[in-house]
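# Report on the structure
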Amino acid sequence: MNFEGLDPGLAEYAPAMHSALDPVLDAHLNPSLLQNVELDPEGVALEALPVQESVHIMEGVYSELHSVVAEVGVPVSVSHFDLHEEMLWVGSHGGHATSFFGPALERYSSFQVNGSDDIRQIQSVENGILFLTKNNLKYMARGGLIIFDYLLDESEDMHSLLLTDSSTLLVGGLQNHILEIDLNTVQETQKYAVETPGVTIMRQTNRFFFCGHTSGKVSLRDLRTFKVEHEFDAFSGSLSDFDVHGNLLAACGFSSRLTGLACDRFLKVYDLRMMRAITPLQVHVDPAFLRFIPTYTSRLAIISQSGQCQFCEPTGLANPADIFHVNPVGPLLMTFDVSASKQALAFGDSEGCVHLWTDSPEPSFNPYSRETEFALPCLVDSLPPLDWSQDLLPLSLIPVPLTTDTLLSDWPAANSAPAPRRAPPVDAEILRTMKKVGFIGYAPNPRTRLRNQIPYRLKESDSEFDSFSQVTESPIGREEKPHLHMVSKKYRKVTIKYSKLGLEDFDFKHYNKTLFAGLEPHIPNAYCNCMIQVLYFLEPVRCLIQNHLCQKEFCLACELGFLFHMLDLSRGDPCQGSNFLRAFRTIPEASALGLILADSDEASGKGNLARLIQRWNRFILTQLHQDMQELEVPQAYRGAGGSSFCSSGDSVIGQLFSCEMENCSLCRCGSETVRASSTLLFTLSYPEGSNSDKTGKNCDFAQVLKRSICLEQNTQAWCDNCEKYQPTIQTRNIRHLPDILVINCEVNSLKEADFWRMQAEVAFKMAIKKHGGEISKNKEFALADWKELGSPEGMLMCPSIEELKNVWLPFSIRMKMTKNKGLDVCNWTDGDEMQGVTHQQWYLFNDFLIEPIDKHEAVQFDMNWKVPAILYYIKRNLNSKYNLNIKNPIEASVLLAEASLARKQRKTHTTFIPLMVNEMPHVGDLVGLDAEFVTLNEEEAELRSDGTKSTIKPSQMSVARITCVRGQGPNEGIPFIDDYISTQEQVVDYLTQYSGIKPGDLDAKISSKHLTTLKSTYLKLRFLIDIGVKFVGHGLQKDFRVINLMVPKDQVLDTVYLFHMPRKRMISLRFLAWYFLDLKIQGETHDSIEDARTALQLYRKYLELSKNGTEPESFHKVLKGLYEKGRKMDWKVPEPEGQTSPKSAAVFSSVLAL
């Protein structure tokens, strides 16, 4: 092999690496030996041409792999590598197309495209191939079937086509226009005029369309309007070929000479950034074709019609040693193409031969090719014999002719009934090794089948309705989708639009004009926001949960009480349940029940929301009941167990929700077993066969509810008397009624949904009959039919038609225990007296959207998009039964000294002095506060088309360090809280540059800091808020938001807003400290003690400059000077010559001496 033709950078390695490859090897591979050799095509038959079977190819250098004959003696007019499959397409001057599969060039298909004209261009699309001839565009399948044949005007002379997208095609030729054709409708959609006729080559990038003209010009056109943006006058004669890559355009062509046109050996290269020509590239062959082959560099392949090929860089110098010969069978090369993977080159010559050159022995034409479909041989004559004794043998092995007559096996439904297959027998090994505990047997897995593998499905319809009750989250109901139903705007999923200021400029008041507090939805697993609001508006739950406090780190009852306290203080501002959901994620039972959703599942809505909410409802009531049953009085939080509800074995949740039941099991042998149990909620049980009953049988909700509570069912159960499983009748009766009745609706399939829909229709007809007379069963009602109902006299008496639709659920129900301990349930009619109800206004809570709604809307359920999940009914005058006084369980003892979770912490590392008993804060005392955070989840953002960034989901932060310093007294400036917060969740970014938190600081095993739980520090801050102290800090709004605290505005003194002018930028703490206090802080990292103390000093400076707020005009002048200085210095603090940290100040001597 001739190593002179390789990359010059490899020349020094060539002899050592390939000593066995001598330049005088086979002449087929040595281009220098073929310069003066001519091959007579008539003297040698094409079939007798020697083709190397095994050719050694060096990686990265192109060498010939295969040659094949497409059509003997007919010149190849075009070649094209398929962009979807491993195929090479070749078109001839006789209008014939041939395809070859794989690098071995095995013939795949061959068919005639046009009877007289040559094929001028081929373009592969997903479902077929486009062929362009003189005045015809044909779309054919890869096997040769015609998909469409589009005839152009006879005067057209087309030469080029360009696929702009999957369904749009541009076709150009020697005329003065370019046609745009829609491949879906096979119609001409646009005709673009061309100032310079003769478009023979078209290319496309993400910026321009490029049109090459026969006059030698290349025009750059706008992608949308097709107007000329720029034009390059490349050659004076004609254009031969051009290609575009990156910011470079290279062209070859012909120049005008006195004797005519001559091939120009200078390639014209243009820079598309500056739209001007750069130094032309002189080559050593007569260029007819060129392509960029950007593998390692942006190199060009230049091909002459005589078969010479040269590689060079477009901005470098061409080396004569880089030339090799293709060896065409005919005198001329007619076509050239490069595969999408850049691993293969295809050449077609004037004698119908195709040459494949590759850079590896086993190349691929595309980076990701799909599998090619091959025709299968006929199997009719070689059918295998069928063994009828095998039950699982597929009968589809027998070919059956297509028929429209009824088959013998197609029995009518009246003569057939579905029957499940009998269950397979239990493995004898399982029965032998089984150990019984009661009526349950346990046995080791014999490993005869794969895990969870069964031979067949017993019930095909189990997963049929998995996606039922998924309510659409976007505006729907467009005309092109009539099967979708319009969802009212207030019911759609609400999202927060984030700007560069985060949430500060988002208008929550637009969504909530009430004084109720909404909940933000961007936190993971915030699907339970609606149920949190339900529990909050149950007055006994709201009050008594806030009285609970225990020592458990992750107690849902404690966290829910903290969240309810925030909702109490909110006054219309939205809150977030981040701490509650953080504790929720740590409970193993929640994960086991599938209640912890991944971010991807929550974003895509894969989970069945109705089932998820119902499972969460059952879980939260059970968990709160267990958490509040704790009898042990916590020692760390003295006084927390003072509630009378914590002294008994039952909890507040048990007293409110629990219902004692008697479960009776009656065997057919007469044996009866009765056992007592309790439940916190009931699940609706619908009548059997309700979906098949189309007559519209009326079932009151009270009847269905009574049947669900006093449930009676036949089931297999263990009988101690018979000592085996027997059919038993199981009945359930309740002993007393709960104060709050919770019902899971269990509408999880079309069967239950049809039942609700049917009962709503029956109730609608009965209501209309009650108010307006008989109803026709077979027609829709017109407005004239309701003329009497809509009269002014009946306006107050009769509800509107819209209020009566889709209503089956009653507003109230009457339940009582009869003398014989039975249950009596009936609907509460509208005419009955409503005792104990003080408010009649209903509200819709949709995360942070809160809106008053009409009364009837609360019980209307259009099953096409609004599906009931959980119902809560409470007793009238319930609040009078319970003591609803909220007693703050947090005492001052939480501020006293406590032990650290860190094992390695020593007293010498202490950075704070806890408050003494005589230092306890009072109302109005100042406390300097600062917090540092770490990132748990990175921000999710997208770039818009205009280059701006849009935040989809903000980063999830977690508090890592909280510092509080004394704001008055002899120890002013000394911290009394400096807690590092232990976290069990994975930290993505410690933000050390801004937080000062390092990996290991939050790990109890290796940390040397004072490490505590979030709950412990949260209680300290809650006590300070409740006692009425004023917090001084910089950017406290974000700090309290991440800590998940709601602080009254009159208790926050934020230096961000104290030193701020309206409609001006916010100023950093570092710049304020330098400008007003002459302090250089936040040198390498941030320190919360330093920041908290600096904020306190700035507040003292503010009082000094504003004369305690009495001279706002003079302070306004100070702020003007501050902003002028900031603009001059670009808000940057000058680098200190000898920086001294405030940590070294004398005020810290007592802390460091601890």
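As annotated in an unreviewed UniProt entry, the protein carries the name PAN2-PAN3 deadenylation complex catalytic subunit PAN2 and is attributed to Ceratotherium simum simum. Recorded in UniProt for the protein, the comment headed Subunit (unreviewed entry) runs: "Forms a heterotrimer with an asymmetric homodimer of the regulatory subunit PAN3 to form the poly(A)-nuclease (PAN) deadenylation complex. Interacts with ZFP36." The annotation that UniProt attaches to the protein under Catalytic activity (unreviewed entry) is "Exonucleolytic cleavage of poly(A) to 5'-AMP."

Scanning the protein from terminus to terminus reveals 21 helices and 51 strands. The buried share of the protein, reckoned over its 1154 residues, is 45%. Sequence separation of at least 24 residues holds for 59% of the intrachain contacts in the protein that already meet a minimum separation of 6. Carbon and sulfur atoms provide 52% of the accessible area of the protein, an area that totals close to 62500 Å².

Our focus in this paragraph is the packing of helix α3 (residues 529-536) against helix α5 (residues 556-570). The interhelical angle for the contact between α3 and α5, taken along N-to-C directions, is 75 degrees, at an axis separation of 11 Å. Comparing their axes, α5 and α3 come out roughly perpendicular. Each of Ile532, Leu535 and Tyr536 in α3 lies in contact with α5, whose residues at this interface are Leu560, Leu563, Phe564, Leu567 and Asp568. Across the contact of α3 with α5, the residue classes break down as 7 nonpolar, no polar and 1 charged.

Of all hydrophobic cores here, the largest spans 88 residues; its most connected members are Leu535, Trp616, Phe657, Tyr872 and Phe1031. Broken down by element, this core gets its largest block of residues, 9 residues, from α5. When neighbours within four sequence positions are excluded, tyrosine 872 is seen to be in contact with Met531, Val534, Leu535, Leu538, Asn617, Leu621, Phe657, Ile740, Leu741 and Val742. Counting 33 residues, the second largest nonpolar core, distinct from the first, contains Met661, Ala702, Ala760 and Val825.

Take the environment of lysine 435 next. Looking at where lysine 435 falls in the secondary structure, it is placed in strand β31 (residues 435-437). The exposed category is assigned to lysine 435, whose relative accessible area is 63%. Excluding its chain neighbours within four sequence positions, the residues that come into contact with lysine 435 are Ile440, Gly441 and Tyr442.

Here the focus is the sheet that holds strand β33 (residues 659-667). Strands in a sheet are paired, the pairing made by backbone hydrogen bonds, and the direction either parallel or antiparallel. One open sheet accounts for 4 strands, arranged β34-β33-β37-β36; its pairing is antiparallel. Both outer strands of the open sheet, β34 (672-679) and β36 (712-719), are each paired with one neighbouring strand and no more. Strand-to-strand twist in this sheet, taken as the mean axis angle between neighbours without regard to direction, amounts to 35 degrees. Bridge analysis of β33 against β34 gives 8 bridges, and the strand direction is antiparallel. If you follow leucine 666 over to β34, its bridge partner there is glutamate 672.

With that settled, consider the pairing of strand β8 (residues 136-140). Burial within β8 is extensive, with 5 of its 5 residues counted as buried. Because side chains alternate across β8, one face comprises the buried residues Asn136, Lys138 and Met140, and the other comprises Leu137 and Tyr139, equally buried. Examined bridge by bridge, strand β7 (residues 129-132) and β8 share 4 bridges and lie antiparallel to one another. Looking at the pairing, isoleucine 129 lines up with methionine 140 of β8. Remark: 3 residues form the turn of the hairpin made by β7 and β8, two consecutive strands paired antiparallel.

Here the focus is the UniProt feature "binding site: a divalent metal cation" (unreviewed entry) in the protein. The UniProt record marks Asp930, Glu932, Asp1039 and Asp1091 with the feature "binding site: a divalent metal cation" (unreviewed entry), using the residue numbering of this structure. A maximum C-alpha distance of 12.8 Å is found for the annotated residues, which run over 162 residues; spatially they form one tight group. Following the sequence through the fold, aspartate 930 ends up in strand β44 (residues 926-937). Aspartate 930 has contacts with Arg961, Ile962, Thr963, Asp1039, Ser1088, Asp1091 and Ala1092, leaving out every residue within four places of it along the chain. Assignment of secondary structure puts aspartate 1039 in helix α16 (residues 1036-1043). Aspartate 1039 has contacts with Leu929, Asp930, Ala931, Phe933 and His1034, leaving out every residue within four places of it along the chain.

Attention now moves to a nonpolar patch on the surface. Together, Trp388, Leu395, Leu397, Ile398 and Val400 line one region of the surface with nonpolar side chains, adding up to about 560 Å² of accessible area. Its location among the elements puts isoleucine 398 in the loop between β30 (353-358) and α2 (428-433).

What follows deals with the confidence of the model for the protein. The pLDDT averaged across the protein works out to 80; a share of 81% of its residues lies at or above 70. Contacts for the low-pLDDT stretch residues 774-797, under 50 throughout, to residues beyond four places or in other chains number 17 contacts. The low-confidence segment residues 1138-1154, where pLDDT is below 50, has 29 contacts with residues more than four positions distant or belonging to other chains.

The strand order across the open sheet formed by 4 strands is β6-β7-β8-β9, and the pairing between neighbours is antiparallel. The open sheet has two edge strands, β6 (121-124) and β9 (146-151), and neither has a second partner. The sheet shows a mean angle of 15 degrees between the axes of neighbouring strands, taken without regard to direction. Direction of pairing for β8 relative to β9: antiparallel, over a ladder of 5 bridges. What sits directly across from leucine 137, in β9, is tyrosine 150.

Turning our eyes to something else, we now look at the side chain of glutamate 559. Looking at the element boundaries, glutamate 559 is found in helix α5. Although glutamate 559 lies buried, it forms no salt bridge, and the closest oppositely charged side chain, lysine 1015, sits 5.9 Å away as judged by the N-O distance. In this view, glutamate 559 contacts Glu553, Asn579, Phe580 and Ala583; residues no more than four positions away in its chain are not counted.

Here the focus is helix α18 (residues 1069-1077). All of the buried residues along α18 are Leu1069, Phe1071, Leu1072, Ala1073, Trp1074 and Phe1076. Check the buried side of α18 and you find it contacts α17 (1055-1058), α19 (1088-1105) and α20 (1112-1128). Positive phi shows up at aspartate 1078, right after α18, with a value of about 60 degrees.

To continue, consider a positive patch on the surface. A surface patch of like charges, here positive, comprises Arg1063, Lys1064, Lys1117, Lys1120 and Arg1127. Examined against the element boundaries, arginine 1063 turns out to sit in the loop between α17 and α18.

This next bit is on the pattern of salt bridges. If the charged atoms of two oppositely charged side chains come close together, the side chains can form a pair. Under the criterion given, the structure shown has 34 salt bridges. Ionic pairing is found between glutamate 660 and arginine 735, a salt bridge with its closest N-O pair at 3.8 Å. Linking glutamate 660 in strand β33 with arginine 735 in the loop between β37 (724-734) and β38 (740-744), this pair joins segments that are 75 residues apart in sequence. The class of arginine 735 is partly exposed, set by a relative accessible area of 42%.

This part covers the packing of helix α4 (residues 539-546) against α5. Where α4 contacts α5, the axes come no closer than 8 Å and their chain directions differ by 110 degrees. When the interaxial angle is binned, α4 and α5 end up roughly perpendicular. In this structure, the crossing between α4 and α5 has a hand that is left-handed. Between α4 and α5, the contacting residues are Val541, Arg542, Ile545 and Gln546 on the first element and Ala557, Leu560, Gly561, Phe564, His565 and Asp568 on the second.

This paragraph deals with unusual backbone geometry. Residues apart from glycine generally show negative phi values, whereas peptide bonds are mostly found in trans. Positive phi is not limited to glycine here, since leucine 105 has a value of about 55 degrees. In this structure, leucine 105 sits in the loop between β4 (96-101) and β5 (106-112). Leucine 105 sits in the buried class, given a relative accessible area of 5%. Notably, asparagine 806 is not glycine yet its phi reads approximately 60 degrees, a positive angle.

So, on to the side chain of asparagine 846. Relative to the assigned elements, asparagine 846 resides in strand β41 (residues 842-846). Of the polar contacts made by the side chain of asparagine 846, one reaches the backbone oxygen of lysine 490; its length is 3.0 Å. With sequence-adjacent residues up to four places away left out, asparagine 846 is seen in contact with Lys490, Tyr491, Arg492 and Val494.

Moving on: the pairing of strand β28 (residues 333-338). Summarising burial for β28: 5 of the 6 residues are buried, a large majority. Of the pairings in the sheet, the one linking β28 to strand β29 (residues 344-349) comprises 5 bridges and is antiparallel in character. Across the sheet, phenylalanine 336 pairs through a bridge with phenylalanine 347, a residue of β29. Linking β28 to β29, which pair antiparallel, is a turn of 5 residues; within it lysine 342 sits at a positive phi near 65 degrees.

Rules of the game
Residues numbered from 1 in each chain as written. Predicted model: local features only at pLDDT ≥ 70, side-chain atom pairs only at ≥ 80, totals over all residues. Heavy atoms only, no water. UniProt positions renumbered as here; feature names shortened; annotations may be inferred. Helix = DSSP H or I, 4+ residues; strand = E, 2+ residues; numbered from the N terminus. Buried < 20%, exposed > 50% of the residue type's maximum accessible area, 1.4 Å probe, protein only. Contact = heavy atoms within 4.5 Å. Areas by Shrake-Rupley, 256 points an atom, 1.4 Å probe, with all protein chains shown as cover. Axes fitted to C-alpha atoms, helices over the stretch in contact; angles between N-to-C directions. Parallel < 35°, antiparallel > 145°, perpendicular 65-115°, else oblique. Nonpolar A, V, L, I, M, F, W, Y, C, P; charged D, E, K, R; others polar. Core = buried A, V, L, I, M, F, W, Y, C linked by side-chain atoms within 4.5 Å. Pairing = 2+ DSSP bridges. Patch = residues over 30% accessible without salt bridge, like charges linked within 9 Å, V, L, I, M, F, W, Y side chains within 5 Å. Salt bridge = Lys/Arg side-chain N within 4 Å of Asp/Glu carboxyl O. pLDDT = per-residue confidence, 0-100. Lys, Arg positive; Asp, Glu negative; His and termini not counted. Charge placed at Lys NZ, Arg CZ, Asp CG, Glu CD. Left-handed = near helix turned anticlockwise from the far one by under 90°. Polar contact = N/O pair within 3.5 Å; in protein donor to acceptor, adjacent residues only side chain to side chain.

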